[in-house]
Amino acid sequence: VNSSNIDDERLRQFETRIARGEKIEPGDWMPEEYRRQLIRMISQHAHSEIVGMLPEGGWITRAPSLRRKLVLLAKVQDEGGHGQYLYHAAETLGATREEMIEALHSGRAKYSSIFNYPAAAWADIGMIGWLVDTAAILNQTMLARCSYGPYARAMIRICAEENFHRKQGMEIIYYLTQGSTAQREMAQQAVDRWWWPTLMMFGPHDADSPNTPALMRWGIKTRTNDDLRQEFIDQTVPEAEAFGLTLPDSQLRFDEGSGHWRFGEIDWDEFRRVISGHGPCNQARLEARRRAHEEGAWVRAALQAYGARQNEAA
Amino acid sequence: VSDSQLSRFEVFVQGRKGAAYVHAGSVHAPDPELALLNARDVFSRRPNCHSLWVVPADRILRRTVEQLSAGAETDSPATPGKSETFLVFGKIGHRGSHVFLGETAAAGSSQALSRGQEAFGHLDVTSWWIVAEATRSISAPEEARAWFDPAKDKPFRDHAFYPVETFMRNLGRGRRQQAR
C-alpha cells in the first residue's frame with residue numbers, strides 16, 4: 001500500500017464524516033487543502049472585523065446624541081471582539097497571530113471589499129447596520145453550520161451579537177426617513193452609496209467563484225454567493241420600500257413567477273478594482289491598521305518584559 | 001526583542017453560579033492574571049458571565065475520538081509521578097463546545113484521560129481535553145460584581161432593545177392609509 005492510497009482512503013473517510021454532518025475538530029485528520037482554505041477564509045473574516053471598525057470608528061465622536069454614541073461604541077467594540085474570536089479559530093489550524101497580522105499589513109491578505117468605502121455622513125452608519133450587517137448575518141448564519149467546529153462555534157457567538165448591530169442600524173434609518181426633508185435626503189444619498197457595494201459583499205457570481213465547489217463539498221460553505229445575494233435582495237427590497245427609500249437600480253422588479261426580486265448587473269470592474277487594492281479607502285485603512293500596530297509596540301514590549309519577570313519569579 | 005503576540009490561554013466561561021464551565025475561545029497574554037483580564041474584555045461584553053477559568057493552551061492534553069481510535073499515543077505534557085487532580089473536559093456529540101465534566105485524580109494526564117473515559121465515556125464525548133488543576137486560574141470571586149455586573153447596565157447591546165418590528169409595522173400601516 002503506498003502513501004497516496006492511504007491518503008485516498010483517509011479523504012474518503014473525511015468526506016463521509018462531513019456528509020454525516022459531523023464536525024471536524026483540531027487534531028482530526030483533514031486534507032491540506034481543507035486546512036488551507038479555512039485559514040484563508042477565517043483570517044480574511046477576522047481582518048474584515050478588525051478593518052470594519054474603521055469606517056464606523058470615525059463617527060463615535062460625531063454621533064448625534066449620547067445614546068447613539070454609547071450604541072456605536074458598543075458595536076465597534078463587538079467587532080473588535082469578533083476579530084478576536086476569529087483569529088482564535090484560525091489559530092486552531094496552526095496559523096499564528098503574527099503571520100496573519102503581517103499578511104494584513106503587507107497587503108497580501110484580503111478582507112471584505114465593503115470596508116474600503118467611506119462613511120461620508122451619519123446616515124451611512126445606519127446603512128452599515130441595516131445593509132452591511134444584514135448581509136453579514138446571512139453569510140455568518142450559513143457559516144455557523146460549517147463543518148469545522150471552532151469556526152462554526154465562533155459564528156454562533158457572533159450571530160447572536162450581530163442582531164443588535166442590524167437593528168440599531170434599522171432604528172437610525174427609521175428615524176431619518178421619518179424626519180425632516182434634509183434627514184430623508186441624507187438617508188437616500190447614503191442608500192445610493194451603499195446598495196451596490198453591499199451586493200458585492202457576497203462575492204463573484206457562482207460561475208466565476210473558483211473556490212466554491214471545494215468549499216461546498218467539504219461543508220465549509222453550504223450555500224452559494226448568488227443564493228445568499230438573492231435572499232438578501234428579497235429581504236431588503238421590501239424594507240427599503242417601507243422606509244420610502246428608492247434603491248439605485250432601474251431594473252429592480254418583482255418576478256411573480258419565481259417570487260424573487262430581479263435586479264440589474266453588478267459593476268464587476270468596480271468589485272475587482274476595490275478587492276485588488278484600488279478602492280476609495282484601501283490605502284487609508286491599511287495605514288490606520290499599521291499605525292495602530294506600530295503605536296502599540298511599546299505595550300507588547302512591556303507585556304513581554306513583565307511576562308519574562310513573572311517567569312523568573314516562578 | 002521580536003514583536004510577539006505572547007502565549008495563548010484557553011478561556012472557559014461559567015454563565016451562572018453552579019453552571020458548568022464552557023469553552024469560549026482563547027486570548028493572548030504574558031501570564032494568567034492578564035489572561036483573565038483579557039478574557040473578561042473579550043468574552044463578557046454581554047451579561048452571560050459569572051466566573052472565568054483560563055488555562056495555558058500548550059498545557060492541555062487534547063485527543064479527539066478519531067485520534068484515540070487510530071491508537072494515538074497519549075503522551076502527557078505533565079510529568080507522571082505522584083497523583084494530582086485533573087479537570088476533564090469533553091465535547092459531547094457534534095454540537096456545542098468543550099464542557100467541564102468533572103475532576104479525577106491521576107498520575108499524569110494520560111492516566112487522567114483513561115479515568116475520564118471510564119467516568120464520562122457514556123456521554124458520547126467526541127473530543128477530550130485534560131487539564132492539570134494546578135495550571136488553571138480562576139477569576140477572583142470577590143471581584144465578580146465589579147467585573148461582570150457592568151454588562152447588565154448595557155441593555156442596548158441586546159437586539160430586543162430596538163423595537164424594529166413595531167417600526168416596520170407602523171410604516172406598513174402608514175403606507176396603506178396613504179393608499180386609501
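Everything numeric in this text was worked out from a predicted model, so none of it was measured. (Residues numbered from 1 in each chain as written. Chains lettered and ligands numbered in written order. Predicted model: local features only at pLDDT ≥ 70, side-chain atom pairs only at ≥ 80, totals over all residues. Heavy atoms only, no water.)

Caption draft 1: Representation of the packing of helix 5 (residues 122-143) of chain A against helix 6 (residues 149-177) of chain A in the model. Residue and element names in this part refer to chain A. Interhelical geometry of helix 5 versus helix 6 gives an angle of 150° and a closest axis separation of 7 Å. It follows from the interaxial angle that helix 5 and helix 6 lie roughly antiparallel. Crossing hand, helix 5 versus helix 6: left-handed. Here the contact of helix 5 with helix 6 is composed, by residue class, of 16 nonpolar, 9 polar and 3 charged. (Axes fitted to C-alpha atoms, helices over the stretch in contact; angles between N-to-C directions. Helix = DSSP H or I, 4+ residues; strand = E, 2+ residues; numbered from the N terminus. Parallel < 35°, antiparallel > 145°, perpendicular 65-115°, else oblique. Left-handed = near helix turned anticlockwise from the far one by under 90°. Nonpolar A, V, L, I, M, F, W, Y, C, P; charged D, E, K, R; others polar.)

Caption draft 2: A look at the nonpolar core. Ranked by internal contacts, the top residues of the largest apolar core, which has 109 residues, are Tyr 34, Trp 130, Tyr 148 and Tyr 151 of chain A. If you tally residues by element for this core, the top one is helix 5 of chain A, at 12 residues. For Tyr 151 of chain A, the residues in contact, after removing those within four places along its chain, are Leu 38, Met 41, Ile 42, His 45, Leu 86, Ala 89, Leu 143 and Cys 146 of chain A. Counting residues in hydrophobic clusters, the runner-up holds 12 residues, among them Leu 101, Ala 112, Leu 113 and Val 125 of chain B. (Core = buried A, V, L, I, M, F, W, Y, C linked by side-chain atoms within 4.5 Å. Buried < 20%, exposed > 50% of the residue type's maximum accessible area, 1.4 Å probe, protein only. Contact = heavy atoms within 4.5 Å.)

Caption draft 3: View of the packing of aromatic side chains. Residues and elements named next belong to chain A. One pass over the full model with this rule turns up 25 aromatic pairs over all chains. Relative to Trp 218, the ring of Tyr 34 lies with its centre 6.0 Å away and its plane at 75°, an arrangement referred to as edge-to-face. Here Tyr 34, found in helix 2 (residues 32-57), pairs with Trp 218, found in the loop between helix 8 (212-217) and helix 9 (225-243); they are 184 residues apart in sequence, far enough to count as distant. Note on Tyr 34: relative accessible area 0%, which makes it buried. Geometrically, the ring pair formed by Trp 268 and Phe 271 is edge-to-face, given 5.4 Å between the ring centres and 90° between the ring planes. (Phe/Tyr/Trp six-rings, centres within 6.5 Å; stacked < 30°, edge-to-face > 60°.)

Caption draft 4: A look at the pairing of strand 1 (residues 7-14) of chain B. All names here are of chain B. Among the 8 residues of strand 1, 6 are classified as buried, and the element is accordingly described as predominantly covered. Relative to strand 2 (residues 21-29), strand 1 is paired through 8 bridges, and the arrangement is antiparallel. Opposite Val 11, over in strand 2, you have Gly 25 as the bridge partner. The loop that links strand 1 with its antiparallel partner strand 2 comprises 6 residues; one of these, Gly 18, has a positive phi angle of about 85°. (Pairing = 2+ DSSP bridges.)

Caption draft 5: Summary view of the interface of chain B and chain A. Taken together, the contact pairs 44 residues of chain B with 49 residues of chain A. Across the chain B/chain A interface, buried area totals approximately 4,100 Å², and carbon plus sulfur atoms make up 56% of it. The tally of links between chain B and chain A comes to 7 salt bridges. Between Arg 46 of chain B and Asp 78 of chain A there is a salt bridge, and its shortest N-O distance comes to 2.7 Å. Linking chain B with chain A are 21 residue pairs in polar contact (both at pLDDT 80 or more), by the criterion used here. Listed by contribution, the elements that provide at least two residues to the side of chain B that touches chain A are strand 1, strand 2, helix 1 (32-43), helix 2 (65-69) and helix 5 (164-179) of chain B. Here the side of chain B that touches chain A gets 7 residues from one element, more than from any other, and that element is helix 5 of chain B. When its residues are assigned to classes, the side of chain B that touches chain A shows 15 nonpolar, 15 polar and 14 charged. (Buried area = accessible area lost by both parts, 1.4 Å probe. Salt bridge = Lys/Arg side-chain N within 4 Å of Asp/Glu carboxyl O. Polar contact = N/O pair within 3.5 Å; in protein donor to acceptor, adjacent residues only side chain to side chain.)

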